[in-house]
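Now for the letters of each chain:
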Amino acid sequence: MPQEIIRSLTVHGLRYGYRVLPRDTTAGETATEPALVLGGALQGMYGWPQMDEHLGPVADVVTADLPGMGAADPLPPGAAATVLRDAVTGIVDDLGVPRINLFGFSYGAAIAFGWARYAPGRVARLALGGVPVHIGPEQREHWRRAQRRLAEGDQEGFAALAADGLMCLDPDRPVHRGELARRYVRRSFLHAVRSGSVHATDSLHRALADRPEFSGGLSGVPALVFTGEHDTVSSPERQREFAATIEGSRFLTLPESDHWVVLERSDEVAALVTRFFTEPRLPHQAGDVAARVPG
């Protein structure tokens, strides 16, 4: 296994960093552009082992602690989108490559889409999962209750509510490994607040206050949008509508999974993204192609 490389950077006076796992050249696979993987506050540079395994034979795998995530500095109030956009630019510049494959999940999807619109010529392929295109009032009220629990000093109550707000708990809509994912996300929130990290609570503040920009469309970048069929953060229908604004994009739903599809169907997601990133770059036709990944 190649030795990982850790790089430290600054953007707008904030410390952040990224990790590169160089491509495993012993695997004998055809190489593609480096793959930058972006998640949310609970998924920093060490949160993607399944991507290392699947993407490692075909690409340098790049993961990051952007400002507001992992070991990086907290994001200051306001201008988060600009700071994060410039942070991604800093990583790509530091890599010294003309183009990257870019994967964003959940909050990371907003960062990835924003950067693709900012620098489309530097994106070889774009994969977006669990895109939070619309957060409804019931969802926001649920997360406000979680904030109140934390303000009252109830860390376990906060972690439970924060996690449950990201899961499908409807017994009539089965989720593969759903309870396992639920326990993992709860523990992650609880660990974050007990360790003194501000990122978990800040991520909730951003979810309530920020309105990520998903309008304006995109062309010239091969794109894949996917979601769990029971995503309760933003419905698959909303995400399909968003995908249709990206010229030539494909839209997929993965069965028996919710917003945390990257945990519940981790290998399927990693394999899906790897296949997409290793496809030849062909002139793509306009229009949305919808499909469902078999269970």
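Residues numbered from 1 in each chain as written. Predicted model: local features only at pLDDT ≥ 70, side-chain atom pairs only at ≥ 80, totals over all residues. Heavy atoms only, no water.

**Some thoughts on the overall build of the protein**
- Along its length, the protein carries ten helices and nine strands.
- Against the compact-globule benchmark of 19 Å for 295 residues, the protein has a radius of gyration of 18 Å, which places it among compact chains.
- For the protein, the C-alpha atoms occupy an extent of roughly 50 × 45 × 40 Å along the three principal directions.
- Of all 295 residues assigned to the protein, the portion counted as buried reaches 54%.
- Put simply, 74% of the contacts in the protein that link residues at least 6 apart link residues at least 24 apart.
- Counting only carbon and sulfur atoms, one obtains 51% of the accessible surface of the protein, whose full area is about 12,900 Å².
- Taking the average place of the 30 positive charges on the side chains of the protein and the average place of its 36 negative ones, the gap between the two points comes to 2 Å. (Helix = DSSP H or I, 4+ residues; strand = E, 2+ residues; numbered from the N terminus. Rg over C-alpha atoms; globule rule 2.2 N^0.38 Å. Buried < 20%, exposed > 50% of the residue type's maximum accessible area, 1.4 Å probe, protein only. Contact = heavy atoms within 4.5 Å. Areas by Shrake-Rupley, 256 points an atom, 1.4 Å probe, with all protein chains shown as cover. Lys, Arg positive; Asp, Glu negative; His and termini not counted. Charge placed at Lys NZ, Arg CZ, Asp CG, Glu CD.)

**Some remarks on the environment of R144**
- Position of R144 relative to the elements: it lies in helix α4 (residues 137-151).
- Each C-alpha atom, one on R144 and one on F277, is 38 Å from the other, the two residues being 133 residues apart in sequence.

**Describing the pairing of strand β3 (residues 35-38)**
- Across the two faces of β3 the burial is the same, with A35 and V37 and L36 and L38 all buried.
- Direction of pairing for β3 relative to strand β4 (residues 61-65): parallel, over a ladder of three bridges. Each bridged residue has a counterpart across the sheet, and for A35 the counterpart in β4 is V61. (Pairing = 2+ DSSP bridges.)

**Let's talk about the packing of helix α2 (residues 80-95) against helix α3 (residues 107-118)**
- Relative to each other, α2 and α3 sit at 70 degrees, their axes nearing to 10 Å. Between α2 and α3, the crossing angle belongs to the class labelled roughly perpendicular. For the pair formed by α2 and α3, the contact residues are A80, L84, R85, V88, T89 and V92 on the first element and Y107, I111, W115 and Y118 on the second.
- In terms of residue class, the contact of α2 with α3 is made up of eight nonpolar, one polar and one charged. (Axes fitted to C-alpha atoms, helices over the stretch in contact; angles between N-to-C directions. Parallel < 35°, antiparallel > 145°, perpendicular 65-115°, else oblique. Nonpolar A, V, L, I, M, F, W, Y, C, P; charged D, E, K, R; others polar.)

**Remarks on the environment of M167**
- Positionally, M167 belongs in the loop between α5 (155-164) and α6 (178-194).
- For the pair M167 and V123, spaced 44 residues apart in sequence, the C-alpha to C-alpha distance is 31 Å.
- Discounting chain neighbours no more than four positions away, the residues touching M167 are G178, A181, R182, V185, T232, D258, W260 and E264.

**Notes on the pattern of salt bridges**
- As enumerated under the stated definition, the model contains 18 salt bridges in all.
- The partner of D52 in a salt bridge is R19, and the shortest N-O contact between them spans 2.7 Å. Of this pair, D52 sits in helix α1 (residues 49-55) while R19 is found in strand β2 (residues 14-21), placing the two residues 33 residues apart along the sequence. Grouping residues by exposure puts D52 and R19 together as buried.
- A single network of salt bridges, built from pairs that share partners, joins D164, E179, R182 and R186. (Salt bridge = Lys/Arg side-chain N within 4 Å of Asp/Glu carboxyl O.)

**Examining the packing of aromatic side chains**
- Within this structure, the stated rule accounts for eight aromatic pairs.
- With centroids separated by 5.9 Å and ring planes inclined at 85 degrees, the aromatic side chains of F158 and F189 adopt a geometry described as edge-to-face. Taken as a pair, F158 in helix α5 and F189 in helix α6 lie far apart in primary sequence, 31 residues in all. One exposure class covers both F158 and F189, and it is buried.
- These aromatic residues form a ring-pair network of at least three members: W48, F103 and F226. (Phe/Tyr/Trp six-rings, centres within 6.5 Å; stacked < 30°, edge-to-face > 60°.)

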